[in-house]
Amino acid sequence: MATAALVQAYRNEKDADVRERILLIRRVRIDKKEAAGVAEKELHRSRWWAYKWLKRFDNDSLDGLRNKHRSGRPPEVSEETSTTIRRELSENKSGWMAKEVMNLIYERTGVRYHEVHIYRLLHRWGFSPKVPRMRFVNTASKQDKNKFRKRQEE
């Protein structure tokens, strides 16, 4: 790739990580510097990092310098099962406690999730806590607290 094309790509790039990788390519391929030295001394990165991005650039040109999508770990509970559990939770208007949801998922699927992950699942499914957390109560002003008390007494 020509020097002018790399300079233009560097100027037009909005992603800071990709700009850093283009800078690495310029220093190594155009300025003929050693990859390990550029990575460690100029960019404060590891040698492995430099060689990885140089190889990706050699294989895919500038597109190789962008982050690729990583799918992550597949869920242990199928989408169909989680949809039925979500529907059952939404039918009960009185609300659920996280431990109850955790036990319900375990009974239906045999998968035991940590209580913190249950909160993540509930948030992803569109549920919110019915009772405000203590940190929110403490941040309310005295007037707000009095208004709330008056509404509760009526």
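To start, this report covers the structure provided alongside it. (Residues numbered from 1 in each chain as written. Predicted model: local features only at pLDDT ≥ 70, side-chain atom pairs only at ≥ 80, totals over all residues. Heavy atoms only, no water.)

## Quick word on the overall build of the protein chain
- The secondary structure content of the protein chain amounts to nine helices and zero strands.
- Listed by position from the N terminus, the elements making up the protein chain come as α-α-α-α-α-α-α-α-α.
- Among the 154 residues that make up the protein chain, the fraction classed as buried is 25%.
- Residue pairs in contact within the protein chain that sit at least 24 positions apart in sequence constitute 42% of those at least 6 positions apart.
- Working note: accessible area of the protein chain is about 12,000 Å², and carbon and sulfur atoms make up 50% of it. (Helix = DSSP H or I, 4+ residues; strand = E, 2+ residues; numbered from the N terminus. Buried < 20%, exposed > 50% of the residue type's maximum accessible area, 1.4 Å probe, protein only. Contact = heavy atoms within 4.5 Å. Areas by Shrake-Rupley, 256 points an atom, 1.4 Å probe, with all protein chains shown as cover.)

## Things to note about the side chain of Glu13
- By secondary structure assignment, the location of Glu13 is in the loop between α1 (3-12) and α2 (16-30).
- A polar contact is formed between the side chain of Glu13 and the side chain of Arg66, at a distance of 2.9 Å.
- Ignoring sequence-local partners within four residues, the contact set of Glu13 consists of Val18, Arg19, Ile22 and Arg66. (Polar contact = N/O pair within 3.5 Å; in protein donor to acceptor, adjacent residues only side chain to side chain.)

## With respect to the packing of helix α6 (residues 98-109) against helix α7 (residues 115-124)
- Packing of α6 against α7 brings their axes to within 9 Å, and their N-to-C directions diverge by 90 degrees. Comparing the axis directions of α6 and α7 gives the class roughly perpendicular. Side by side, α6 and α7 meet where Ala98, Lys99, Val101, Met102 and Ile105 of the first sit next to Glu115, Ile118, Tyr119, Leu121 and Leu122 of the second.
- In terms of residue class, the contact of α6 with α7 is made up of eight nonpolar, no polar and two charged. (Axes fitted to C-alpha atoms, helices over the stretch in contact; angles between N-to-C directions. Parallel < 35°, antiparallel > 145°, perpendicular 65-115°, else oblique. Nonpolar A, V, L, I, M, F, W, Y, C, P; charged D, E, K, R; others polar.)

## Some thoughts on the packing of helix α3 (residues 35-42) against helix α4 (residues 47-60)
- Remark: α3 packs on α4, axes separated minimally by 8 Å, with the N-to-C direction vectors making an angle of 125 degrees. One way to sum up the angle between α3 and α4 is to call them oblique. Crossing of α3 over α4 shows right-handed handedness. The residues of α4 that touch α3, namely those facing Ala35, Ala36, Ala39 and Glu40, are Arg47, Ala50, Tyr51 and Leu54.
- Here the residues of the contact of α3 with α4 are counted per class, giving six nonpolar, no polar and two charged. (Left-handed = near helix turned anticlockwise from the far one by under 90°.)

Keep in mind that these numbers describe shape and distance, not what the molecule does.
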